[in-house]
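Here is what each chain is made of, one letter per residue.
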Amino acid sequence: MQEFFTWTMLATYAGATLATTLITQLCKGIGFIDKLPTRVFAYIVALVVLLLGMAFTSGLTLSSGVLCVINAAVVSMASNGVFDAVTAGKNTK
């Protein structure tokens, strides 16, 4: 593997979920982003990642864009679940 991410990888479920998790956690706490609920911000990030991944691989069409809107919900929920699972043990005292 020569690169960390490729557009093809970002267009997949696993790639989009990982990128969404990383970008969401990196940007939390930044000014106006901090005022948004994390789940809403994660959905926006997932949608942008999927739209860009689609645009740079197979091309963005109306039908693929609509699917990205639906798939972004799945990716953002998975991203939130991954973060919750990783941090679950840290919050128990």
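Criteria and cut-off values
- Residues numbered from 1 in each chain as written.
- Predicted model: local features only at pLDDT ≥ 70, side-chain atom pairs only at ≥ 80, totals over all residues.
- Heavy atoms only, no water.
- Helix = DSSP H or I, 4+ residues; strand = E, 2+ residues; numbered from the N terminus.
- Buried < 20%, exposed > 50% of the residue type's maximum accessible area, 1.4 Å probe, protein only.
- Contact = heavy atoms within 4.5 Å.
- Areas by Shrake-Rupley, 256 points an atom, 1.4 Å probe, with all protein chains shown as cover.
- pLDDT = per-residue confidence, 0-100.
- Expected span 1.5 Å × (residues − 1).
- Bend = angle between axes of the 7 residues up to and from the residue.

Peer 1: I'm lost on the overall build of the chain in this one. Help?
Peer 2: When helices and strands are counted, the chain shows 5 helices and 0 strands. Its helices and strands in sequence order give the chain the pattern α-α-α-α-α, from N to C terminus. If one aligns the C-alpha atoms of the chain with their principal axes, the spans along those axes are about 50 × 30 × 20 Å. Expressed as a percentage of its 93 residues, the buried residues of the chain come to 30%. Residue pairs at least 24 apart in sequence account for 59% of intrachain contacts in the chain once pairs closer than 6 positions are excluded. Per element, the accessible surface of the chain, about 6200 Å² overall, is 71% carbon and sulfur.

Peer 1: Help me understand the confidence of the model for the chain, please; the structure alone is not making it clear to me.
Peer 2: Should the pLDDT be low somewhere, the predicted coordinates at that spot are not to be read in detail. In the predicted model, the chain carries a mean pLDDT of 88, and the fraction of residues at 70 or more is 92%. Predicted confidence in the chain is weakest over helix α1 (residues 7-10), with a mean pLDDT of 88, and strongest over helix α4 (residues 38-56), with 95.

Peer 1: Just to check I follow, could you spell out the side chain of T17 for this structure?
Peer 2: Tracing the backbone through its elements, the reader meets T17 in helix α2 (residues 13-27). Leave out the neighbours within four places in its chain, and T17 touches V75, A78, S79 and V82.

Peer 1: What is the right way to look at helix α5 (residues 62-87) in this model?
Peer 2: The end-to-end C-alpha distance of α5, which contains 26 residues, comes to 37 Å, matching closely the 38 Å that a straight helix rising 1.5 Å per residue would cover. Where α5 bends most, at I70, the angle is about 30°. Of all the positions in α5, only S64, G65, C68, A72, V75, S76, A78, S79, N80 and T87 are classed as buried. Buried residues belonging to α5 abut α2 and α4.

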